[in-house]
Amino acid sequence: MDIKEQLKDIKTQLRLSMNGAVSQSMREKGLVYKLNFGVELPRIKMIAEGYEKNHGLAQALWKEDIRECKIMAGMLQPIDTFYPEIADIWVESIRNIEIAELTCMNLFQHLPYAPAKSFHWMADEQEYVQTCGFLTAARLLMKKGDMTERASGELLDQAFCAVHSESYHVRNAAMLVIRKYMQHNEEHAFRVCRLVDGMADSTVETEQMLYNMVREEANDKY
């Protein structure tokens, strides 16, 4: 089958797996798509497993303004042909947290240039670009938390700054990065604890949340 036929075949399978109740529930939770079949993730993964990873197919799926196609694109995109400039194009077209989380998990965290790209995205002003930067960094910390002193400093600077963001998703992703950084080892945990020391009596709500999260994490882990 050529790419056009594969795309048509995938859409047919998605339509057959439609779940209107799931789609409606997602809309009510604010996850808005141009088209959402409400297909559950295990089923999307199962459909994706019927196809070889293919750059052309993944790119075609991503261009479809359909929830399930975008999710599947991240599953079927080969790493070696996903160049940094394509990653930037994808990330700038992300419009909701579900696609951000799933594309970071299925694709972005596996890219050879993911560490550098995550820092680049964190510094962006666009909500979901920034969110993807932190989500990718959190995934990398879960796999391999070792980093240079300079990278650690930059990561924490970016995350502590983003905790004050007006965006709920950016704040959450930044908190997640701080938590994953702390979980890597005791030294990392103590470093973060020192940074929040002055926030114990802060009147800023986000600083209070950060202080409480850090203390809770440190007490649970160490």
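Fair warning: this is a prediction, and the values are worked out from it, not measured in the lab.

Rules and cut-offs
- Residues numbered from 1 in each chain as written.
- Predicted model: local features only at pLDDT ≥ 70, side-chain atom pairs only at ≥ 80, totals over all residues.
- Heavy atoms only, no water.
- Disulfide = S-S within 2.5 Å.
- Buried < 20%, exposed > 50% of the residue type's maximum accessible area, 1.4 Å probe, protein only.
- 1 Å grid on protein atoms, 1.4 Å probe; cavity = no way out; pocket = protein on both sides within 12 Å on 5 of 7 lines; lining within 4 Å.
- Points joined across faces, edges and corners; volume = space filled by probe spheres on them.
- Helix = DSSP H or I, 4+ residues; strand = E, 2+ residues; numbered from the N terminus.
- Nonpolar A, V, L, I, M, F, W, Y, C, P; charged D, E, K, R; others polar.
- Axes fitted to C-alpha atoms, helices over the stretch in contact; angles between N-to-C directions.
- Parallel < 35°, antiparallel > 145°, perpendicular 65-115°, else oblique.
- Left-handed = near helix turned anticlockwise from the far one by under 90°.
- Contact = heavy atoms within 4.5 Å.
- Salt bridge = Lys/Arg side-chain N within 4 Å of Asp/Glu carboxyl O.
- Core = buried A, V, L, I, M, F, W, Y, C linked by side-chain atoms within 4.5 Å.
- Domains from an automatic or database assignment.

Let's shift gears to the state of the cysteines. This structure, assessed with the given rule, holds 0 disulfides. Cys132 supplies the cysteine sulfur nearest to Cys69, a cysteine that is in no disulfide, at a spacing of 19 Å. Judged by relative accessible area, Cys69 falls into the buried class, the value being 0%.

Taken as a whole, the largest pocket holds about 240 Å³ of empty space. Considering the residues around the largest pocket, the lining is formed by 13 residues, among which Pro115, Leu140, Lys144, Asp146 and Met147 are closest to the centre. Secondary structure elements with two or more residues in the lining of the largest pocket: helix 8 (114-122), helix 9 (127-143) and helix 10 (149-162). Taken together, the residues of the lining of the largest pocket sort by class into 9 nonpolar, 1 polar and 3 charged. Approximately 190 Å³ is the volume attributed to the second largest pocket. Where the lining of the second largest pocket is concerned, the elements lending two or more residues are helix 7 (97-106), helix 9 and helix 11 (168-184). Looking at the lining of the second largest pocket residue by residue, the class counts come to 7 nonpolar, 2 polar and 2 charged.

Working note: a packed helix pair is described by the angle between its axes plus the distance between those axes. The contact between helix 11 and helix 13 (residues 205-221) brings their axes to 10 Å, and the two run at 30°. Classified by the angle their axes make, helix 11 and helix 13 are roughly parallel. Pair helix 11 / helix 13 crosses with right-handed handedness. Contacts between helix 11 and helix 13 involve Arg171, Met175, Ile178, Arg179, Met182 and Gln183 from the first element and Thr206, Met209, Leu210, Met213, Val214, Glu217, Ala218 and Lys221 from the second. Taken together, the residues of the contact of helix 11 with helix 13 sort by class into 8 nonpolar, 2 polar and 4 charged.

Once their charged atoms are close, side chains differing in charge can pair, the charge on each being opposite to the other. One pass over the structure, following the stated rule, counts 7 salt bridges. Residue Arg67 is joined to Glu98 by a salt bridge in which the shortest nitrogen-to-oxygen separation is 2.9 Å. Placement of the pair is Arg67 in helix 5 (residues 67-76) and Glu98 in helix 7, with a sequence separation of 31 residues. Each member of the pair Arg67 and Glu98 is classed as buried. Overlapping salt bridges, with partners in common, bring together Arg67, Glu68 and Glu98 in one network.

Attention now moves to the nonpolar core. Formed by 76 residues in total, the largest nonpolar core has its most connected members in Phe108, Ile178 and Leu210. The biggest single contributor to this core is helix 9, with 9 residues. Residues lining this core come from more than one domain, with at least three contributed by each of domain 1 (1-80) and domain 2 (95-221). When near neighbours in sequence (up to four residues on either side) are disregarded, Leu210 contacts Phe160, Val163, Met175, Ile178, Val196 and Met199.

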